[in-house]
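# What the coordinates show
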Amino acid sequence: MKKLKIFLYISIINITVLSCSNNNKELSNNAIEQSPRELYQIAMINLDQNNYEEATLKFKEVIFKYPLSNEGVQSEIMLGFIDYLGLNYEEAIYKFNRIIKIYPSHKNIDYVYYMRAVSYFEQISGENFDGKSNTEAKKNFLELLNRFPSSEYAKDSRQKLIFIDENIAAKDMEVAIFYLKQKQYLAALGRYNKVIEEYPKSKFIPEALYRLVEIYIILGMKEEAEKTASVIVYNYPQSKWYEDSYNLIDEEYYKKNETTFGKKILNLFKKDEQKE
């Protein structure tokens, strides 16, 4: 579906090229002197028919014969797109980078930025994916949004950034739990705080807060534990981590660590318990 959607974008981009010819004459591959528009149309017909090899040859012919034409530049973009369709992401990225460098003012340059970002994005798979793909995809989508905030690709870029942030947060959570199991509490603390500060809308925030409470109690930092528990009470009462926090901040805890603020938090837990 992603590639189909992107292919539709390509069709829109090419309206400006294809609509220039109003006559209905039949195009011929054997024409002695075909215009860049005609060659480009033939290449697009091959591409529509999934004949990527023939399409590639025609796009290259346009570039060779008419390198400075609009069709020539658009053909370079299409060659990158064909690499993308063939999952040759590195080659696609190389081509998109070259286009951005040589034709920074091209009318469809926002699409090139978008496709470069998507080429990194589609190398992401699951929560345990390679960190470079995450970082590069995020950097490139942000660059697109900074340069072209009103681009037709801006909305999709923002949606993909949400996905990327969730995956980066997941990776940090995984590293943090490793540190926690190894009893490297300060290292774990740093990772959980990073998730909370850098990805405040992430689904992992309730767990990260709970883990902070857990670590603060282990380290004897009772005030920090109580303040963090209060954040869970007020903001995530429906989360499973709310109940787990209650099990940490319980009567037994306050017999050992009695504070006025702590009692208030415990009372809040109890009030919510009574409502249920």
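Quick look at the structure, then. (Residues numbered from 1 in each chain as written. Predicted model: local features only at pLDDT ≥ 70, side-chain atom pairs only at ≥ 80, totals over all residues. Heavy atoms only, no water.)

## Remarks on the nonpolar core
Across soluble globular proteins, nonpolar side chains have a tendency to be buried as a group. In terms of nonpolar packing, the biggest core is built from 69 residues, with Leu47, Phe59, Phe141 and Tyr192 touching the most fellow members. No other element matches helix H7 (residues 109-121), which puts ten residues into this core. Not counting residues up to four positions away in its chain, the partners in contact with Tyr192 are Met173, Ala176, Ile177, Leu180, Ala208, Arg211, Leu212 and Ile215. (Core = buried A, V, L, I, M, F, W, Y, C linked by side-chain atoms within 4.5 Å. Buried < 20%, exposed > 50% of the residue type's maximum accessible area, 1.4 Å probe, protein only. Helix = DSSP H or I, 4+ residues; strand = E, 2+ residues; numbered from the N terminus. Contact = heavy atoms within 4.5 Å.)

## Some thoughts on the layout of surface pockets
Within this model, the largest pocket holds a volume of roughly 200 Å³. The wall of the largest pocket is formed by Arg158, Leu161, Ile162, Asp165, Glu166, Tyr199, Pro200, Lys201 and Ser202. Taken together, the residues that form the lining of the largest pocket break down as four nonpolar, one polar and four charged. (1 Å grid on protein atoms, 1.4 Å probe; cavity = no way out; pocket = protein on both sides within 12 Å on 5 of 7 lines; lining within 4 Å. Points joined across faces, edges and corners; volume = space filled by probe spheres on them. Nonpolar A, V, L, I, M, F, W, Y, C, P; charged D, E, K, R; others polar.)

## Some thoughts on the packing of helix H9 (residues 154-181) against helix H10 (residues 185-198)
Contact pair H9 / H10: the axes reach a minimum separation of 8 Å and the direction vectors enclose 160°. Compared by their axis directions, H9 and H10 come out roughly antiparallel. Crossing of H9 over H10 shows left-handed handedness. Every residue of H10 that contacts H9 at Ala169, Asp172, Met173, Val175, Ala176, Ile177, Tyr179 and Leu180 is listed here: Tyr185, Ala187, Ala188, Arg191, Tyr192, Lys194 and Val195. Broken down by class, the residue content of the contact of H9 with H10 amounts to twelve nonpolar, no polar and three charged. (Axes fitted to C-alpha atoms, helices over the stretch in contact; angles between N-to-C directions. Parallel < 35°, antiparallel > 145°, perpendicular 65-115°, else oblique. Left-handed = near helix turned anticlockwise from the far one by under 90°.)

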